[in-house]
Amino acid sequence: MEVSGGPAVRRVSSTSSTTTVFPSDSRPPPVKPVQVTVVTAQDLKSIKSDVSVTLVRAEYNGVFLGDSSKTDVSPNGTANYNFTTSFEGSPDGPNSLDDIATKPVLLTVIEVLQREKRQKKKTVPLGQAVVDLLPLLQGQCSFNVSAPLYAVPTSPVESLQPEAKGGLEVTVCTEEPLLSAEQLSNGNLLSVTLEAAYSVPEAFAPAGPRQNYMACLQVPAAGEELPLLFKNGILKLAGEKEPLPRPKKWPLADVMAPGALSIPNSFIVGGPYEDEDGELNKREDEEFRIQAESTKRIVWDMERRCYLDPAAAVILQKRIAECWYWPVEVCRMSVASPGKGKTNKADKGDEHKQIFSHGVAYVNVVPLLCPGVKQIRGAFRVFAYQDSEVFEKTKIQHSVFRDLRTKLSLTKEGFLTPGISPPLSRPVPTKAQKEDKEKITKDKDSNGRAVEDYHKHVTSIAVAILSEYHERFGKRLPDRGAMDHQTLEEQKCQLNARLNSSGKYFAFKEKLKYAVVKIVREKYLKTTAFESQEQLQEFLSELYVYLVDQMHVVLNQLLCEEEAAAPVPPSRTTKEQLWLFAREAEVNKDYKLATHYHQQRLAQDQHNIQCWVDYGAFCLLFKETTKAQECFRQALSLDPHHIQSLLLCGVVAAILQHYEEAEVFLEDACCLEPSSIVAWTLSGLFYELKDNNIQAEMAFREAKKLLQAQLATERSIPAAAEGEGGETPISDGSASPGPEKRSPEGVPDGSADELAEVVEPALGPEEENSAPEAAPEAPSPGSGLNQRPCTIFMKTVEFLMKVNAIQFVRMALAHELLSVQGWPSCAYYLALAQTYLLEEEFSKCEECLGEALRTDYANPNVWAQKGHLGYLRRDFSEAKEYYERAISFVEDAEDMHSIYLRLGSVYLEDGEYGQAKQTYLLACKNSASCLTWLGVGIACYRLQEMLEAEDALSEANALNNTNAEVWGYLTLICLHGGRRLEAEQCYKYTLKLGLTNEPLLQEIRAAQHRLGFGDPSL
C-alpha cells in the first residue's frame, strides 16, 4: 500500500541479545574509569607514503580526551604511541551504560607537518578508527582490538589511495566490571537496525533546501520512553541495489573518515524474503520487493543500541505483551543552509521545523517473547501518521518527532549528535512566554485530535449500521423512488431491535463513549465535578447540541459525497484466524457458525482464491454441491490458470453428472500442467465413471510414468551427492494425510495454501518426494509413521480428502486396493476410516481403524481417529485414552488442534481441571482461538484461580465477543469479586447472546440469589 505522505516499504531488523553472566556479587561504584591505551599504529605509509611524524587524538561522546606525544613513523609505516587516556563511566552521568553500548571511542591519527614548509596548518588529519566498547557490557574487564584505520578524504592527495587503510592496536580496560552480576544475568541489550525505506514518493525529493530523512521509535524504560533516532538518511535514485553483505553504521555525525562509520564485525547479510518476520514476504510480493530495492530509496544502514537494566528489561517484556506493535516513525525535515550574518525568518522558525511526509510503520515485536528468539527482521509497510490510528494500534498518544522537534539540533550549523549543544540562533524566550506558547499549542492540538477522533468513530459506526441495514433489507437503488414513511418506520424499528438483541447497540455506545469523554476533557476542559444539578443540565445541553452538530457534519460528508464511502476499519481478526474458527465450528458440528466465519473471510478479501476454495470444500462437507460449484467457479474466475480450481470444478461437475463440463475442466488442467500426477489420476477416474476404459487407462499410465520419473530423479540427486557409500533416503512425507502436512506451527492453515501444499508438489517431478506405485513397502525408520510409499491413487486421495470429495475418494481407494501387492497400507485404511467417520458409519470406521493399527501400531493419526470416534460416540473414557496416546508420540498427529480441544473438554467433564488447563494452554500455544482461551478460563475458574481465569476469558472475548459462554463465566468471576456493575453488564450480554448452557445459567442465577446482586431484576 502506497501512501503519499511516506514510503511504502521499509526494512527494519531488531535484535535482542542477552548478556553473559559474570560471577561477581559486588555492586559497582557510581563512577568507574574506563582506560583506553593506543599501543601502535601500523601501515601508515599505505595511507600516505611520505608521512614522518604523527600523533593520535582520542575522543569519546563528543568530549576531547587528549593527544599523544609526537611520534616518528618508521620506514615500514609503524608508530609506537603507548598513549593512555581515560574517561569516567557512570550509570546516571554523561557516559552512561547506554552511551557505552551505542557510542565508540573515536581515534584520529594526525600528521604533524614540518615547520620549514611554512604552512598555516601545522597538523593534518590522516586517518580515523573507532573502538566498540560493547565487550565491557558483556562482563569483560579488558580486551584488545586491532581497529582498522580509514583514510580521511581531506588529507593531502599526492599519493593518497582512497581505499588504503592501516590499523591501530588498542587496549581497553577497567579496574572492575561495569555491571554487577545481577545486571549481567537479568539485563539485556536491544539493538535496532534500520536498513532503508523503499518505494518512496516523489514528495520525498522536493526541490529547494537540503532535506534530512529521519526515523525514530520509542523503547519503554523504567523511567521514561527512550527514543532511538536515526538521522541523515541518504536519498538514492534508481540504480543497482545495495550489496550484501554490507557493514552497519554508527549513528555518528562528527566523523571525518566515512569508512570509520562502519561498525566492526557487524554486517547486514540479507536473506530470502520468505524467511523474514515482517510483511511483504509472500511469493507474490517478491517482484515488487526486487523492483523497489533498485529504484528511488532512502538508505540508513544504521544500528542503534540500548542497554536495558533488569527493571527496564521487565518493563519491555510487559509492554510487548500488552501491545504487540511498536510504531516506527519516518519523516523528512528541511535543513537551513549555513550562512553568516543576521538570521532570517526561516532561521527563526527553525526550532519549530515543520515535519513533512510523516509516516509510521507498525512492527510486530511479539516474537521476541518466544523462547530462543533473539532477532526479528523484515519489511513493513508505512502508512500516513494518524494519531487515532497509532493510539488504537500501539496505545501511544504522541509522536516522537513532535515531542523532540525542538531537540533535533536542526540549526544553521547542521545536524549535531546528542550531547553537543548547538549555538543559539536567536534569543531564548522567557520561561513564562515559553509555557504560555506551549500551553496554547497543546490545547489546540488536543482539541483538534479529540474532534477528529469523534468524527472517525461516528463514521465507523455509521458505516457499520448502514452495512447492517443493507444486509437485512438490501440496497435500494436511487431510481426506485422514495420509500413511504410507514415502511421506513417499520424498518427502523426492526433495525433497532436487531441492534439491541445482538449487543451491537451497546458496543457502538461504548465505542463512542471514550471519544465523547475526550471532547469533554480536551475541548471543554472539564475534569471536575459540577456544583449543582442545574449546572450539569446546562452543560449536558450544550454538549448535546455540539455533538449532534458534529455528527451531522460527518454524516453529510459520508452520505452526500459522490466518492466512495469511507471503509469500515479493518478487522483485527485475520483470515488465518477465521479459518481456524471455521474449522473449530466444523469439528463441533456447528455448521451455521462455520458458514458465518467462511463468509467473514470472503468479506475481508473477495479476491483471495484460497478463501473461495475453502468455502467450497466446506459446502461439499454437508452435500451442498451446487453452492460448492459456485465457489470453485468464482475461484477459477479470479485465475483461469489455477490448477486446483480447475480440478475442483471438474470434480464437482462430475458429481452433478455434468460430464461435458467436467471433461473440459479436467482436460484444461492436464494441458496447463502436464506434469501434475493428481490431474491425470482424476482424469482417469472421471473417464472410468463414464465407462471409457481406454481413456482411463491412458490417463493412469501417464500418471504412473510421471511418478516413476520423479522417483528416478529423486534417487539420482542424493546418489550423486553422497557417493557410493551414501544411503538414499526413503520418503514418507506424501504417503498419507500425516503430520508432515501440518503448517509450521502445528495448525492446519487454511489460508496458508494447505491445499496447495498437497497439490503443488505433484505438479512437477522436481518437487515430489514419493515412490512409484509398485514399489515395495519401506517404512521410515524411527518416524513412528510406517507408511507405504505413496501411489498415484493415494496422492489423489490426499488431495480429495482436503476438499471433502468423498465420492471420488471411494473410487480412488478402490483402485488403490486393486493395485497394491499384499496387504493394503495403513494410509489406505486411515483414509477409508475418515470417509466413514464423516458419514457417521461408526462400526465400519472402527473396523478400518483396527486394520490400520494392525498395519502400523505407532501411527499417531490412527490413535487420533480412534479418539474422534469415541468422542462422537460419547464414549469419553475411551476417547480420553486414545487422545492421550496420540499426543504421547514424538511426532504430532495431523490435526492436533481438534485433539487438544476435545481432550480438554473431556478433562473438564471429568473434573480434571489441572489437566484441562495444561491441555488448553498447549492448544493456545499452537493456535490460539476463543475456544482454547475459554477452556483455559473455565479450568482456572474451577481451580479458584480467578485472576488467571479473567485474563484467559478476556483473551477469548478479544477473539470473539459474541460467545455467550465467555460472558457467562465473566459474570461468575465478577460476582465472586463483588463487582456489581460489571456483573450486571456481563449478565446482560449473556442473555442477549442466548446462552444455551443450562447448567451454567443455573449456576449464575444461584450465585446472584446467594450474593444478592448481578441481576437487574433483583
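Residues numbered from 1 in each chain as written. Predicted model: local features only at pLDDT ≥ 70, side-chain atom pairs only at ≥ 80, totals over all residues. Heavy atoms only, no water.

Caption draft 1: Local environment of the nonpolar core. With 130 residues, the main nonpolar core has Phe632, Leu647, Leu682, Val797, Leu800, Leu813 and Tyr969 as its most contacted residues. When sequence neighbours within four positions are dropped, the list of residues in contact with Leu800 reads Val651, Leu682, Ala805, Phe808 and Val809. Within the second largest apolar cluster, 41 residues are counted, among which are Ala58, Ala129, Ala147 and Leu184. (Core = buried A, V, L, I, M, F, W, Y, C linked by side-chain atoms within 4.5 Å. Buried < 20%, exposed > 50% of the residue type's maximum accessible area, 1.4 Å probe, protein only. Contact = heavy atoms within 4.5 Å.)

Caption draft 2: Looking closely at helix α25 (residues 860–872). Counted at 1.5 Å a residue, the expected span for α25 with its 13 residues is 18 Å, and the 18 Å between its end C-alpha atoms agrees. Burial runs high along α25: 11 of the 13 residues are buried. Among all positions of α25, only Pro860, Asn861, Val862, Trp863, Ala864, Gln865, Lys866, Gly867, His868, Leu869 and Gly870 are buried. Against the buried residues of α25 lie α23 (826–838), α24 (842–855), α26 (876–887) and α27 (896–910). You can read the cap of α25 off the contacts: a side-chain oxygen lies 2.9 Å from the backbone nitrogen of Asn861, and it is on Asn859. One or two positions beyond α25, positive phi appears at Arg874, with a value near 65 degrees. (Helix = DSSP H or I, 4+ residues; strand = E, 2+ residues; numbered from the N terminus. Expected span 1.5 Å × (residues − 1). Polar contact = N/O pair within 3.5 Å; in protein donor to acceptor, adjacent residues only side chain to side chain.)

Caption draft 3: Geometry of the packing of α25 against α27. Where α25 meets α27, the axes come as close as 11 Å, and the angle between the chain directions of the two elements is 45 degrees. What the angle tells us is that α25 and α27 run oblique. The two elements α25 and α27 meet at a crossing, and its hand is left-handed. The segment α25 lies against α27, with Ala864, His868, Tyr871 and Leu872 engaging Ser898, Ile899, Arg902, Ser905 and Val906. Grouping the amino acids of the contact of α25 with α27 by side-chain chemistry returns 5 nonpolar, 3 polar and 1 charged. (Axes fitted to C-alpha atoms, helices over the stretch in contact; angles between N-to-C directions. Parallel < 35°, antiparallel > 145°, perpendicular 65-115°, else oblique. Left-handed = near helix turned anticlockwise from the far one by under 90°. Nonpolar A, V, L, I, M, F, W, Y, C, P; charged D, E, K, R; others polar.)

Caption draft 4: View of unusual backbone geometry. Residues Leu244 and Pro245 are joined by a peptide bond in cis, for which omega reads -10 degrees. Position of Pro245 among the secondary structure elements: in the loop between β13 (226–236) and β14 (246–249). Positioned with a positive phi, Asn232 is a non-glycine residue whose angle comes to about 60 degrees. By the secondary structure assignment, Asn232 is in strand β13.

Caption draft 5: The confidence of the model for the protein chain, seen in detail. Residues at a pLDDT of 70 or more form 77% of the protein chain, whose mean pLDDT is 77. Averaged pLDDT values for the elements of the protein chain fall to 40 in helix α20 (residues 754–759) and rise to 93 in helix α29 (residues 930–942). Per-residue pLDDT stays below 50 along residues 155–162; that stretch engages in 14 contacts with residues further than four places along the chain or on separate chains. The low-confidence segment residues 561–571, where pLDDT is below 50, has 8 contacts with residues more than four positions distant or belonging to other chains. (pLDDT = per-residue confidence, 0-100.)

Caption draft 6: Spatial organisation of the pairing of strand β6 (residues 79–89). Where burial is concerned, the two faces of β6 differ: the one with Ala79, Tyr81, Phe83, Thr85, Phe87 and Gly89 is buried and the one with Asn80, Asn82, Thr84, Ser86 and Glu88 is not. As defined by bridge partners, strand β2 (residues 32–42) adjoins β6 across 9 bridges and the pair is classed as antiparallel. Opposite Thr40, over in β6, you have Asn80 as the bridge partner. (Pairing = 2+ DSSP bridges.)

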